[in-house]
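Observations on chain architecture
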Amino acid sequence: MKKSFSNLHILLIGKFMSLFASNLFTFIAGLTVLTTSGSGLQFAIVLLAGTLPRILLSPFAGAYADKLNRKRVIVNMETLNGMLFLLAGISSLIWTFNVPAYLLITALLSVFSTFLSVTLSSSIPLLFKEEELQRTNSLIQSIISFSSIGTPLLAGALFKILPISVFLFSSAVLFFIAGLVATQLKFQTRDIQETSQSTWKEVQSGFQYLKKQRVLWTIALLATFLNFFFVASEVLFPIAALQEIGVSPLQFGFLESMFAIGFLVASLLHALPFFKIKYRLSTMRSALIALSLLFIGPAIPLYFTFNVLPAILFFSFFALLSGLFVIRANIPIQMYLQTNTDPNYLGRVMGVLESLAMGITPLGFILFGFLSDLIPVALLYTICMICLLSLTLISMHRIRHDIQAERAEVQSIERIS
């Protein structure tokens, strides 16, 4: 127990440092480009520079995670990020950064962070026992949520006061601390499969392994479409709140923060024994169906012409409820992947999943941005809800026997014990 407890503290501290450093720069870079250039296109290009490497490199990051020393990869990637920001900070004292500089730093950060996140995600089962996975995954989600709330608040408050070099050096220090902390992680020993295959062949083998696992492949495809429709919400929600309802920018900022608060509260609740997940696939099914039905939420104030205050209250409740069910679906999915994937394929499976989920997001932004000019937002939300619910029900029907088998297995173990 001592080793796992120590690993948990080490992992959470390192994860927070790394996330805070990354989010700090991402927020400042976007804000700087937007305020100095005034160009939405240049801002979008910077965002793309942070997304594209993750889409392209995640499967390769997974392949390297499976055949290299995971601890060394984590420490090296944290250190490389620290060195990147140290050099960027020194450079910022000499030159004035423009858009290409932010593009370069963002792209390199994305490359290093892709290898880091895929390796770290696939390492969880090698750091913790199976009965500790729910609490671990819940606390990691809470760290992610807390960082997404705190970083914009701090960076936004200090943006006009401090020069960019301070933010760059601060990120460097945080990454170096994360790398130092990661050296204390204690992995379970595992046999690394020696292979003469090229990296590309290993990526293909990971994809083929995933396709052969009916439940894992179904989850992978459903996660891809879920991400596609959540991109729709990212495009449509600002239109619904700002343009259709007429909330102020300050009120909209509050509503956006409510989603992160919902994730944080739900993550912390799932770390408690009361919220222990007994049936992973069954819990995932219930949460995904609830999420699909909830998707129409932002359209309700539009259909019934809510005033601003009732709409804000409704949107806030919707955000908190969405956060609960997103976490309720994510945690059993993560636990199932971590415990039902061959350890020698964990990295590749995680890499392929991340690439599939993120690869469809650019299409979602373009498609729903285009459709929002042609179709009423409320109707778009309704169409998305129907599509999402249909896909969820079809996917869950495909693995219904696995859901029943897992429930029967758990009940059998309970009777024996």
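Residues numbered from 1 in each chain as written. Predicted model: local features only at pLDDT ≥ 70, side-chain atom pairs only at ≥ 80, totals over all residues. Heavy atoms only, no water.

Note the following rule: UniProt positions are given in the numbering used here, feature names are shortened, and annotations may be inferred rather than shown by experiment.
Under an unreviewed UniProt entry, the protein has the name MFS transporter and belongs to Exiguobacterium aestuarii. In its Subcellular location (unreviewed entry) section, the UniProt record describing the protein reads: "Cell membrane".

Comments concerning the overall build of the protein
Convention followed: Helix and strand labels come from DSSP, where a helix needs a run of H or I of at least four residues and a strand needs a run of E of at least two; each type is numbered from the N terminus. Radius of gyration here is computed from C-alpha atoms only, and the compact-globule reference equals 2.2 Å multiplied by the residue count raised to the power 0.38. Each residue's exposure class comes from its accessible area (1.4 Å probe, protein chains only) as a fraction of the maximum for that residue type: buried when under 20%, exposed when over 50%, partly exposed otherwise. When checking whether two residues touch, look at their non-hydrogen atoms; a contact exists if any pair is within 4.5 Å. To measure how exposed things are, a 1.4 Å probe is used in the Shrake-Rupley method; for residues, cover is taken only from the protein chains shown.
Summing up its helical and strand segments, the protein has 17 helices and zero strands in all. At 22 Å, the protein has a C-alpha radius of gyration in line with the 22 Å of a compact globule built from 417 residues. With respect to the three principal axes, the spread of C-alpha positions in the protein is 60 × 55 × 40 Å. Sorting the 417 residues of the protein into buried and exposed places 52% on the buried side. Considering only contacts within the protein whose residues lie at least 6 apart along the sequence, 89% involve residues at least 24 apart. Taken as a whole, the protein presents about 19,700 Å² of accessible surface, with 69% of it coming from carbon and sulfur.

Points about the side chain of Ser267
Position of Ser267 among the secondary structure elements: in helix α10 (residues 249-270). Owing to a relative accessible area of 0%, Ser267 belongs among the buried residues under this scheme. Apart from residues lying up to four places away in sequence, Ser267 is in contact with Ser138, Gln141, Ser142, Ser145 and Ile327.

Overview of the nonpolar core
The criterion, for reference: Side-chain atoms within 4.5 Å link the members of a nonpolar core, which is a set of buried Ala, Val, Leu, Ile, Met, Phe, Trp, Tyr and Cys residues.
Phe25, Phe85, Leu210, Met284, Phe295, Phe368 and Tyr381 are the most contacted members of the largest nonpolar core, which has 115 residues in total. Per element, the largest residue contribution to this core is 17 residues, and it comes from helix α9 (residues 214-245). Leave out the neighbours within four places in its chain, and Phe295 touches Phe229, Phe230, Ala232, Ser233, Tyr381, Cys384, Met385 and Leu388. With five residues, the next largest nonpolar core counts Leu24, Ile28, Ala155 and Phe159 among its residues.

Brief notes about a nonpolar patch on the surface
Just so we agree on the cut-off: A residue counts toward a patch only above 30% relative accessible area and without a salt bridge, and it is joined to like-charged neighbours within 9 Å or, for Val, Leu, Ile, Met, Phe, Trp and Tyr, to nonpolar neighbours within 5 Å. Salt bridge, as used here: a side-chain nitrogen of Lys or Arg that lies within 4 Å of a carboxyl oxygen of Asp or Glu.
A surface patch of nonpolar side chains, about 890 Å² in accessible area, is lined by Leu80, Met83, Leu86, Leu87, Ile90, Leu93, Ile94, Trp95 and Phe176. Among the elements that make up the nonpolar patch, the one with the highest residue count is helix α3 (residues 70-94) (seven residues). By the secondary structure assignment, Phe176 is in helix α7 (residues 164-182).

A short note on the environment of Ile45
Here Ile45 is to be found in helix α2 (residues 40-67). For the pair formed by Ile45 and Ile300, sequence separation is 255 residues and the distance between their alpha carbons is 34 Å.

Comments concerning helix α16 (residues 377-398)
Quick reminder of the rule: One less than the number of residues in a helix, times 1.5 Å, gives the span that helix is expected to have.
An ideal rise of 1.5 Å per residue puts 32 Å on 22 residues; α16 measures up with 32 Å between its terminal C-alpha atoms. Taken residue by residue, α16 has Val377, Ala378, Leu380, Tyr381, Thr382, Cys384, Met385, Leu388, Leu389, Thr392, Ser395 and Met396 as its buried positions.

Focus: the side chain of His270
We count it as follows: Polar contact criterion, stated in full: a pair of N or O atoms within 3.5 Å, where within protein one must be able to donate a hydrogen and the other to accept it, and residues adjacent in sequence count only if both atoms are side-chain atoms.
Along the chain, His270 turns up in helix α10. When its relative accessible area of 0% is taken as the criterion, His270 is described as buried. There is a polar contact of 2.8 Å between the side chain of His270 and the backbone oxygen of Ala266. When sequence neighbours within four positions are dropped, the list of residues in contact with His270 reads Gln134, Ser138, Phe275, Ile277, Leu324, Ile327, Arg328 and Ile331.

Observations regarding α3
Here α3 spans 37 Å end to end across 25 residues, near enough to the 36 Å set by a 1.5 Å rise per residue. Among the residues of α3, the N-terminal cap falls to Asn69, whose side-chain oxygen and the backbone nitrogen of Lys71 are separated by 3.1 Å.

Section: the packing of aromatic side chains
Rules: The criterion for an aromatic pair is that two Phe, Tyr or Trp rings (for Trp, the six-membered ring) have centres within 6.5 Å, with stacked assigned to planes under 30 degrees apart, edge-to-face to planes over 60 apart and tilted to the rest. Any Lys NZ or Arg CZ that is within 6 Å of a ring centre and within 35 degrees of that ring's normal is treated as a charge sitting over the ring.
Across all of its chains, the model carries 17 aromatic pairs by this definition. Summarising the aromatic geometry, the rings of Phe16 and Phe20 are spaced 5.5 Å apart at their centres and angled 40 degrees between planes, so their arrangement reads as tilted. With a gap of four residues between them, Phe16 and Phe20 both fall in helix α1 (residues 2-37), about one helical turn apart. Residue class for Phe20 comes out buried when judged on its relative accessible area of 14%. A connected cluster of aromatic rings, assembled from ring pairs, spans Phe25, Phe85, Phe97, Tyr102 and Phe175. Arg407 extends its terminal NZ or CZ atom over the ring of Tyr279, reaching a point 4.1 Å from the ring centre.

Some words on the environment of Asn23
Within the fold, Asn23 resides in helix α1. With a relative accessible area of 25%, Asn23 lands in the partly exposed category. Asn23 sits 132 residues away from Ala155 along the chain, and the two C-alpha atoms are 9.3 Å apart. When residues no more than four places from it in sequence are discounted, the contact partners of Asn23 are Ser147, Ser148 and Thr151.

Thoughts on the packing of helix α6 (residues 133-158) against helix α13 (residues 308-340)
A pair of packed helices can be characterised by two numbers: the angle between their axes and the separation between those axes. What counts, and what does not: Interaxial angle, 0 to 180 degrees, is taken between N-to-C directions of lines fitted to C-alpha atoms, where a helix line uses only the stretch in contact. For classification purposes, angles smaller than 35 degrees are called roughly parallel, those larger than 145 roughly antiparallel, those between 65 and 115 roughly perpendicular, and all remaining angles oblique. Note on convention: the crossing is left-handed when the near helix lies turned anticlockwise from the far helix by less than a right angle, right-handed when the turn is clockwise. Under this grouping Gly is polar, as are all residues other than the nonpolar Ala, Val, Leu, Ile, Met, Phe, Trp, Tyr, Cys and Pro and the charged Asp, Glu, Lys and Arg.
Relative orientation of the contacting elements α6 and α13 amounts to 130 degrees, with a least axis distance of 10 Å. Relative to α13, the element α6 lies oblique. Helix-helix and strand crossings are classified by hand; for α6 and α13 the assignment is right-handed. In contact with Leu133, Gln134, Asn137, Ser138 and Gln141 of α6, α13 contributes Ile327, Asn330, Ile331, Gln334, Met335, Gln338 and Thr339. Of the residues in the contact of α6 with α13, the class split is four nonpolar, eight polar and no charged.

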